[in-house]
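Results of the structural survey
Single-letter residue listing:
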Amino acid sequence: MNSQSLEALKPPTLTIQQHIVVGQQRFPDATGEFSFLLSGLTLATKKIQAQVRSAGINNILGEFGEVNIQGESQQILDVYSNRVMIESLSCRKSVGVIASEEEDEARLLNDSPEAKYAVIFDPLDGSSNIDVNVSVGTTFSIFRRPDGVTGANPNQWVLQKGTEQIGAGYVVYGSSTVMVYTVGNGVHGFTLDPSIGAFVLSHENIRMPKQGKSYSVNEAYLEDFPPNYQEYINHLKSGNAGNYRSRYIGSMVADFHRTLLRGGIFIYPPTESHKSGKLRLLYEANPIAMIAEQAGGFATNGETRILEIDPQEVHQRTPLVVGSEHEMEQFRKFI
Ligand code: P6P
């Protein structure tokens, strides 16, 4: 193969760390700490994906045998992923506090003056789908330590409005492993290249299409939804809104990733069993909402912009409606 054809073969490889370094002059905390923090997330999610991809042969499918604070049965991979995220972030002195779906409360890792950030995450969202080989994901949200706050009350580090996030993103473990993140300067996607073990730039400056062709909601609960949600969904199904099709994976990260790239709308309304919605504000709705807005979309709880909600507790739930400009404008007319 001559050099020209080699040149044509692949675009230049830009890893997520390089991307942060290149872009960090726009990032106020450009001291390398943030890219080191991010490297903790990329390392952890590479370890998680290695287990997710081989779960069926490593005998780590199934239930761990305990129940988390949500009252949900923990999968073995939930526990593993949570430990890997905490272990990896503990090695970053800039991370003072973490909060996780799998932890009862926010946890202090380090109260030194270097501890500038709090990282909130769902280590493995949708994990009940793993046994049937459906895509799952890791979500993360990053805050600065609030001024004057010590390690005495870790919750204070994380109970901040979504507008205060300095970074957010997710990793979707699908047909490929893709990390999507934002630091407030656009949304960028990186695909894990197994041949070099690095996340390399694959989706630069993602923009959510202004209108999509699909809506994503669990219609099994349609009769439970508030009437105005039912009216909106029936409007989409009627053909009067255009030729929409239904796409619902039941794994939020995967359902949102499709919505981000193709447009449309994802809806998890209040239901009889979850009157405040099922999804959690801090580590599901907030990171997704930051990504959506940075890509030109919008996210609401049906009344308020998700990023404006003032959280009261770590595992607070919220309804989530997130999608393209057009669908969200239509939704507003029904609510
Ligand atoms: P339902 C997965 O358990 C999850 O938390 C989200 O990833 C997903 O969007 C939602 O629950 C699915 O919930 O009630 O439709 O099965």
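Here's what I pulled together on the structure shown here. Computed from a prediction, not measured in an experiment: that's the story for all the values here.

Considerations on the overall build of the protein chain
The secondary structure content of the protein chain amounts to 9 helices and 17 strands. Computed over the C-alpha atoms, the radius of gyration of the protein chain is 20 Å, within 12% of the 20 Å expected from 2.2 N^0.38 for a compact globule of 335 residues. On the principal axes, the C-alpha backbone points of the protein chain span a range of 60 × 50 × 45 Å. Per-residue burial over the protein chain gives 56% buried out of 335 residues. Sequence-distant contacts in the protein chain: of pairs separated by 6 or more residues, those separated by 24 or more amount to 65%. Roughly 14,400 Å² of accessible area belongs to the protein chain as shown, and the carbon and sulfur atoms make up 48% of that amount.

Notes on the pairing of strand E5 (residues 117-125)
Burial runs high along E5: 9 of the 9 residues are buried. As judged from the 5 bridges shared by strand E3 (residues 95-100) and E5, these two strands associate in the parallel manner. Note on E5: the bridge partner recorded for valine 95 is tyrosine 117. By the bridge criterion, 7 bridges tie E5 to strand E6 (residues 136-144) in an arrangement that is antiparallel. In the strand pairing of E6, aspartate 122 is matched with threonine 139.

Some details on the sheet that holds strand E15 (residues 298-300)
If you trace the 5 strands from one edge of the open sheet to the other, you get E12-E11-E13-E17-E15, paired in mixed fashion. With partners counted over all chains shown, the strands left at the sheet margins are strand E12 (245-246) and E15, one partner each. Alignment of E15 against strand E17 (residues 320-323), held across 3 bridges, turns out to be antiparallel. Along E17, the bridge assignment pairs phenylalanine 298 with glycine 323. Along the sheet, helix H6 (residues 227-238) contacts strand E11 (214-216), strand E13 (265-268) and E17; its crossing angle with E13, the most-contacted strand, is approximately 145°.

Parameters and conventions
- Residues numbered from 1 in each chain as written.
- Predicted model: local features only at pLDDT ≥ 70, side-chain atom pairs only at ≥ 80, totals over all residues.
- Heavy atoms only, no water.
- Helix = DSSP H or I, 4+ residues; strand = E, 2+ residues; numbered from the N terminus.
- Rg over C-alpha atoms; globule rule 2.2 N^0.38 Å.
- Buried < 20%, exposed > 50% of the residue type's maximum accessible area, 1.4 Å probe, protein only.
- Contact = heavy atoms within 4.5 Å.
- Areas by Shrake-Rupley, 256 points an atom, 1.4 Å probe, with all protein chains shown as cover.
- Pairing = 2+ DSSP bridges.
- Axes fitted to C-alpha atoms, helices over the stretch in contact; angles between N-to-C directions.

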